[in-house]
Each structure stands twice: as structure tokens, then as C-alpha cells.
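Descriptive structure summary
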Amino acid sequence: MSLTLDQLNAADQPRFVALLDGVYEHSPWIAETAWGLRPFTTIAHLKFALAQVVRQAGAPRQKALICAHPELAGKAAVAGQLTAESTNEQNRAGLTHCTPEEFARLQQLNADYKARFGWPFILAVRGPRGLGLTRQQIIDTFARRLDNPADFELAECLRHIHRIAEIRLHDKFGTEPVLGNLVWDWAEALATHSEPAYAEQGQLTVTYMTPAHQACAAQLQAWMRECGFDEVSLDAVGNVVGIYHGSDPSAPRLLTGSHYDTVRNGGKYDGRLGIFVPMACVRELHAQGRRLQHGIELIGFAEEEGQRFKATFLGSGALVGGFDPSWLDQTDADGINLRQAMQSAGLSASLDDIDQLQRDPARYLGFVEVHIEQGPWLDEIDQPLGVVTAINGSARFAGEVVGQASHAGTTPMGRRKDAAAAVAELLLYVEQRAAQDAALPQGPSVGTVGVLQVPAGSVNVVPGRCQFTLDLRAPDNAQRDAMVADVQKQLADICQRRGLRFQLERTMQASAAPSDPGWQARWEAAVAKVGLPVFRLPSGAGHDAMKLHERMPQAMLFVRGGNAGISHNPLETITNDDAQLCVDAFMHLLEQL
């Protein structure tokens, strides 16, 4: 018989601890403490409570918990001395069938890791889908994490322990994240379409109107039809549009979606998660024969990343009248212009057709988007979901400081006009100025000098020119503009003091997009419904929602990314359980309509 939440909530403390035996390796104190936090409304609530007990336990107990776990393919495994749970997990990962070379490599990694950190390496070997990592994936992860700082690696071990516990709880409760698995599998399947030069290296790259991009669009349309969407089409800029009608044809629709293009050598979930989660919800509604009063319109936006052409937000921008006709003449690295790329993919590239894509706000309730966080906050606090308060406004600049190139050996330090030193000074100021906003109630600012280049520089020449970029972001426009003004003034002061000239050109500015209070409240209610506390955070990255914000109310839900939230990187990852929570939260949001 599988365990139930009712049994767990009704149990006295010894029984409660016994029911959760084996979830956390040789550490009954976690269940003993969690017993006082009953009743648990959902399994997600239970998981979060257990994780918080560990978080609040302090470093000595946390390290003891880590040390309670066995080494991978270590002496205890060879001797058959593992717990039943660990034996099952290591067996499923194939660690009992290592080649001599793999076994030797794992033994060496175990020794190196123990010498560096003082505790055993912890990895949830059943992986983000629960089916098990390959031995090579385990070895690669082991080697990569050896380079982590000790405090970060301690936290990463605990995160993997919570993932192990999550999977073990499924075994106890007899549950499975069915729709989370579906979302995860869709992401894997769509990632098989990649541009040839990258696919050969096992990398994911899908840029606007390449054959890989067109294959993704075709696959999304096929899946939408299978899910039960009433209308599925490809629009004039390559957006994939699925409509699930409501019971009241005159009622405004809910608009949702995200992008399916990627950065070069990117991850599988950036953008795409916001397509798959609503797809899964419509699939469930269709399977149940249900219609909401309001229809659902899901859009897989064709372009958001600005990789092949500089037409960033092309897909969502077309819906708000933001398609710039001059984009059609932009060329890619091979000299193909946007118009040609669209026409070769079967699109007309007609401005009349594109203009007709603009949406009438009166026909929509608003726009909601699910997205991987692309940052570390949710992962750091063991919080699966977060509600976005605003999408940061940004300002980007291209700059150049001009001084005097001179001989590095003969020019006295007090007489130099070093352009690179001036930009280095500015870089440090940007870092310090952005940090001043860390405690502001609306959220922190961030500032980046992403490019710093000395044209024709030489090891023995004082730099006479230095080119650089600035990227300044903040949760509201006033905060952004104040930082911009301070950075501009600092640059002027630095150059005046050093006797230098400068140019600074604004190359892009995007307004902040605060979440609509009503839709943000609906997301918060949905998160609470799945049994999680509501955690609010701003988005430092830009999203399609910030374009739709120009025409209608919008709000976003974030899901944590593993590997410290890394994104625009092959290490970008989520779990099937977190994907399930996204689907559940989205369904709860729909129920509020």
C-alpha cells in the first residue's frame, strides 16, 4: 500500500518518522523536526518543509547529512553495504556495471573530491527525469563540480540530497509527475532539431528561419493538434499559434506563450517551457472534455533572442506593432537578408501581412508567461516556483575612450593618457554603483561591461583607445535612469581627470514592465494552491511578456533552474517535478477564470 498524506498528517511523531524512513539517508532528525510542521496540504508542501528543516539546521548537521551518504561506486557499494534506496539508485544508474576504466576514474574522483571538500560527492543519479543518468554523465558532472568553491559545493550537495528525497517520496507515495514528464520529454524531443554545425558537436542552436527552426515550428504544430487545440497555424512571421476555444465565443481570450528559438549552444528550456506548459494544460482540458468560458491562445514566438539577425523580439513585437520594416534588409553572417530568409521558408515577408498580426487588447484578458528563471535565486532557497514582480528595464551603450598611445617603457606613469585604465576604472564604478541598489524594495540593479577591447593593442604600448559596452538594468525606469545618469557623469569625470576624450552611444533602451497587480495576484494564488509559499522576484532578463506589456496586462511565473540557475548554456536544466508544479499552477490559474 502506498503512503498517503492523510496517514502522514495523522501519525504521531515516532510513526511519522517511521513512515518517512529512508527518504533522507540515516537522518531521522529531519522527519522528527518536520512532524511539528503538519498538516501538509500537498506533497510539494511536504517536500518544501523537509528542505527548510535542513536549511535551518546549521552547517554541522548539514555536513553530517552529506556524510551519511555513500560514495558513488565506492567501497560500501562494492561490499553491498548500502541502504536499499541507495542500492536501487546506484543500480539504476549502472554504477554496479562500470568498466574497469570507469571504476578507476570514479575511485580517483572520489578521492580527489574527499581531499578537497572533506565530504562525499552527492549526485541525484536518477537525474532530472528520474530515469537515471548515464555513467558518463555522472563522471562529467563529478569532474565539473570539483572546481566549485567549497561553500557553493556544500549547498549543491544539499540540493541534490533534496532531489534524491523527492524521488524517494514518489516511491513511497506511489506518485508520478505524469504531465511534468510530458513537458520534459517534449523539451528533449524538440532539442533534437539543431543547426548542423552545432548538432555535430551535440549542441543546441535554433536561429530564425533556419531548417532547424522550421522543423521546430512543424513539430510544435503537430503537438498542438495532438493536444486538442481547435485551430493551429503558422503566422506571417513564423509564430506558431494554437487556439483552444472557450464556451463563450464572445468572451476575451487568455494569451500565453514564449519563444522557441535559442541562443547558440543554448539550453532546452529557455522560452520553450512557456509553450509546453500551456500545451499540457490544454491537453488535460481536452481529455476531460472541458471548455473554460474564456478561450486560450498559445503562441510559440518565432524569434526573441536576436541571434541570426538583430531583430530581437521579432515574434512578439509583431503582435504589438513593433515590427520594424528596416529589419527586412538586415543580413546574417552569410549575407542572406531577413526578407530572403522568410521567403525561403514559405513566408511572404509582406508588411501588409505582418501588420495584420497586431492584437486588439480588447479581445484579450491579458498575457501570462511561464519561464525558467535564468538566475540563481530560486535554486538557492529550494523554492520551485517564483512570481515575477517586474521585468527589468534596460539601457545599453557602446562607448569609446580616446587617449594617447605611447611607449610602455618610456612614458612616466603620471604622464600617461591610458584609455584602457579609464575604462577599467569605469567598470569598477559600474559594479559599485549597481550594488548600491541591492536593498531597494522594488529590487536590485545590475550593471555590466560586457565588451572591453583595445584596438591594435600591444604588450608594450600604453593603450590609446579602448572600446567598451554598457548594459544597465533595474526593476523600474526611474531607478535605471538614475544609475545611467550616475555612470555617464562618472565617465565624464574620469576622462576629464585623466585628460581623455570619450564617446558614448545609446544602442538600446527598453522600459521596465511591472507585472499587472491582478494577474500577479492570480499567479500568487496558484502557487499557494500547489502548497508552496509565495516568493516574489524581479526578472533581470528580457522576455516576450515585456513586449505584450505594451498592449495588455501581463504577469510571469518563474520555475527554478538547476545548476545554480545557469541559462543560455547546455547545463540549463529543470526537473520533471518542477515541470509538474508549473502545469499544476497554470491549471489553478485557469481555474480562476
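Residues numbered from 1 in each chain as written. Predicted model: local features only at pLDDT ≥ 70, side-chain atom pairs only at ≥ 80, totals over all residues. Heavy atoms only, no water.

Considering the overall build of the protein
Under the convention used in this document: Strands are runs of DSSP state E lasting at least 2 residues, helices are runs of H or I lasting at least 4, and numbering of each runs from the N terminus. Radius of gyration means the value over C-alpha atoms here, while the globule rule gives 2.2 Å times the residue count to the 0.38 power. Accessibility here uses a 1.4 Å probe with only protein chains present; expressed as a share of the type maximum, an area under 20% marks a residue as buried, one over 50% as exposed, and anything in between as partly exposed. Every accessible area reported is derived by Shrake-Rupley at a probe size of 1.4 Å, with residue values counting cover from the shown protein chains alone.
Along its length, the protein carries 24 helices and 16 strands. A globule of 593 residues ought to have a C-alpha radius of gyration of about 25 Å, and the protein, at 26 Å, matches this closely. By residue count, 53% of the 593 residues in the protein fall in the buried class. In the structure as shown, the protein presents an accessible area of about 24800 Å², 51% of it carried by carbon and sulfur atoms.

Overview of the packing of helix H4 (residues 43-55) against helix H10 (residues 150-173)
Note the following rule: Working convention: axes come from line fits to C-alpha atoms, limited for helices to the stretch in contact. Angles between N-to-C directions cover 0 to 180 degrees. Here is the rule for handedness: rotate from the far helix to the near one, and if that takes an anticlockwise turn smaller than a right angle the crossing is left-handed, while a clockwise turn gives right-handed. It only takes one pair of heavy atoms within 4.5 Å for two residues to be counted as in contact. Each residue gets one label: Ala, Val, Leu, Ile, Met, Phe, Trp, Tyr, Cys and Pro are nonpolar, Asp, Glu, Lys and Arg are charged, and the others, such as Gly, are polar.
At a closest axis distance of 11 Å, the pairing of H4 and H10 adopts a crossing angle of 145 degrees. The hand of the H4/H10 crossing is right-handed. Taking contact as the criterion, the partners of Ile43, Leu46, Lys47, Leu50, Ala51 and Val54 in H4 are, on H10, Leu158, His162, Glu166, Leu169, His170 and Phe173. Taken together, the residues that form the contact of H4 with H10 break down as eight nonpolar, two polar and two charged.

So, the packing of aromatic side chains
Applied cut-off: Two rings from Phe, Tyr or Trp (for Trp, the six-membered ring) form a pair when their centres sit within 6.5 Å of each other. Planes less than 30 degrees apart are called stacked, planes more than 60 degrees apart edge-to-face, and all others tilted. Working rule: Lys NZ or Arg CZ, within 6 Å of ring centre, within 35 degrees of ring normal, means a charge sits over the ring.
Summed over the entire model, instances satisfying the criterion amount to 12 aromatic pairs. Between Tyr113 and Phe121, the aromatic rings sit 5.3 Å apart at their centres with planes inclined by 75 degrees, giving edge-to-face as the arrangement. Note on Tyr113: relative accessible area 0%, which makes it buried. A centroid spacing of 5.9 Å and a plane angle of 35 degrees characterise the contact between Trp186 and Trp223, whose relative ring orientation is tilted. Separated by 37 residues along the polypeptide, Trp186 in helix H11 (residues 178-190) and Trp223 in helix H13 (residues 211-227) bring together distant segments of the chain. Side by side, Trp186 and Trp223 carry an identical accessibility label, which is buried. One aromatic cluster is present, built from ring pairs that chain together Tyr113, Phe117, Trp119, Phe121 and Phe142. Cation over ring: Arg159 sits above Phe152, and NZ or CZ is 5.4 Å from the ring centre.

Topic: the environment of Leu365
Along the polypeptide, Leu365 turns up in strand E5 (residues 364-372). Taking relative accessible area as the criterion, Leu365 reaches 22% and is therefore assigned partly exposed. Taking the C-alpha atoms as reference points, Leu365 and His294, 71 residues apart in sequence, are found 8.6 Å from one another. The residues touching Leu365, leaving out its near neighbours within four places in the chain, are Pro252, Arg253, Leu254, His294, Trp519, Pro553 and Leu593.

Structural notes on unusual backbone geometry
With an omega of 0 degrees, the peptide bond between Arg38 and Pro39 qualifies as cis. As for its placement among the helices and strands, Pro39 is situated in the loop between helix H3 (28-34) and H4. Of note, the phi angle at Asp382 is positive, near 60 degrees, even though the residue is not glycine. Relative to the helices and strands, Asp382 is located in the loop between helix H18 (377-380) and strand E6 (385-391).

Some details on empty space enclosed by the protein
Basically, it comes down to this: Here a cavity is any set of points on a 1 Å grid over the protein atoms alone where a 1.4 Å probe fits but cannot get out, and a pocket is any open set with protein on both sides within 12 Å along at least 5 of 7 lines; a residue lines the site when it has an atom within 4 Å of a point. Grid points are joined across faces, edges and corners, and a volume is the space filled by probe spheres set on the points.
All told, the structure shown has two cavities of 30 Å³ or more when counted by the stated rule. Taken as a whole, the largest cavity holds about 120 Å³ of empty space. Taken together, 13 residues make up the lining of the largest cavity; nearest its centre are Leu72, Glu89, Gln90, Leu123 and Ile164. Within the residue set of the lining of the largest cavity, elements represented by two or more residues are helix H7 (84-92) and H10. By residue number, the principal contributor to the lining of the largest cavity is H7, which donates three residues. Looking at the lining of the largest cavity residue by residue, the class counts come to eight nonpolar, three polar and two charged. Of the volumes computed, that of the second largest cavity is approximately 30 Å³. For the lining of the second largest cavity, the residue count by class is five nonpolar, two polar and two charged.

Side note on the pattern of salt bridges
Threshold: When a carboxyl oxygen of Asp or Glu is within 4 Å of a side-chain nitrogen of Lys or Arg, the pair counts as a salt bridge.
Scanning all chains against the criterion turns up 32 salt bridges. With a closest N to O distance of 2.9 Å, Glu156 and Arg159 form a salt bridge. One end of the pair, Glu156, and the other, Arg159, are both in helix H10, three residues apart, so they sit about a helical turn from each other. With relative accessibility at 13%, the residue Arg159 sits in the buried group. Residue Asp329 pairs with Arg339 through a salt bridge whose shortest N-O separation is 2.9 Å. Taken together, the residues span a long stretch of sequence, with Asp329 in the loop between helix H15 (314-317) and helix H16 (338-344) and Arg339 in helix H16 at a distance of 10 residues. Here Arg339 falls in the partly exposed class, since its relative accessible area comes to 28%. Counted as one network, the salt bridges with shared partners bring together Lys47, Arg163, Glu166 and Asp577.

Thoughts on H4
This is how the line gets drawn: Take the residue count of a helix, subtract one, and multiply by 1.5 Å to get its expected span. Polar contacts, as used here, are pairs of N or O atoms within 3.5 Å; protein pairs need one atom able to donate a hydrogen and one able to accept it. Residues neighboring in sequence count only if both atoms are side-chain atoms.
Over its 13 residues, H4 extends 18 Å from the first C-alpha to the last, a length consistent with the 18 Å expected when each residue adds 1.5 Å. For H4, the tally of buried residues reaches 10 of 13 residues, placing the bulk of the element in the interior. Of the positions making up H4, those classed as buried are Ala44, Leu46, Lys47, Phe48, Ala49, Leu50, Ala51, Gln52, Val53 and Val54. Contacts from the buried residues of H4 go to helix H1 (5-10), H3, helix H5 (59-67), H10 and helix H24 (576-591). By the N-cap criterion, in which a side-chain oxygen at the helix start approaches the backbone nitrogen of a residue two or three places on, H4 is capped by Thr42, the distance to Ala44 being 3.4 Å.

A word on the environment of Val423
With respect to the helices and strands, the residue Val423 is situated in helix H19 (residues 419-435). Residue Val423 is classed as buried on the basis of its relative accessible area of 0%. For the pair Val423 and Val449, spaced 26 residues apart in sequence, the C-alpha to C-alpha distance is 9.2 Å. When sequence neighbours within four positions are dropped, the list of residues in contact with Val423 reads Val401, Leu452, Cys466 and Phe468.

Here's the deal with the side chain of Asp471
If you trace the backbone, Asp471 turns up in strand E12 (residues 465-474). At 2.8 Å, the side chain of Asp471 forms a polar contact with the side chain of Arg473. Apart from residues no more than four positions distant in its own chain, Asp471 is found in contact with Ala395, Arg396, Val446, Gly447 and Thr448.

Focus on helix H21 (residues 517-529)
Note the cut-off: Arc definition: directions from the helix axis to the C-beta atoms.
An ideal rise of 1.5 Å per residue puts 18 Å on 13 residues; H21 measures up with 18 Å between its terminal C-alpha atoms. Burial in H21 covers these residues: Trp519, Gln520, Trp523, Glu524, Ala526 and Val527. Projected onto a plane normal to the axis of H21, the buried residues spread over an arc of 160 degrees and lie on a single side. With respect to the buried face of H21, the exposed residues turned more than 90 degrees away are Pro517 and Lys529. Lining the buried residues of H21 we find strand E3 (253-259), E5, E6, strand E15 (536-539), strand E16 (554-559) and H24. Downstream of H21 by a residue or two, Gly531 has a phi angle that is positive, lying close to 100 degrees.

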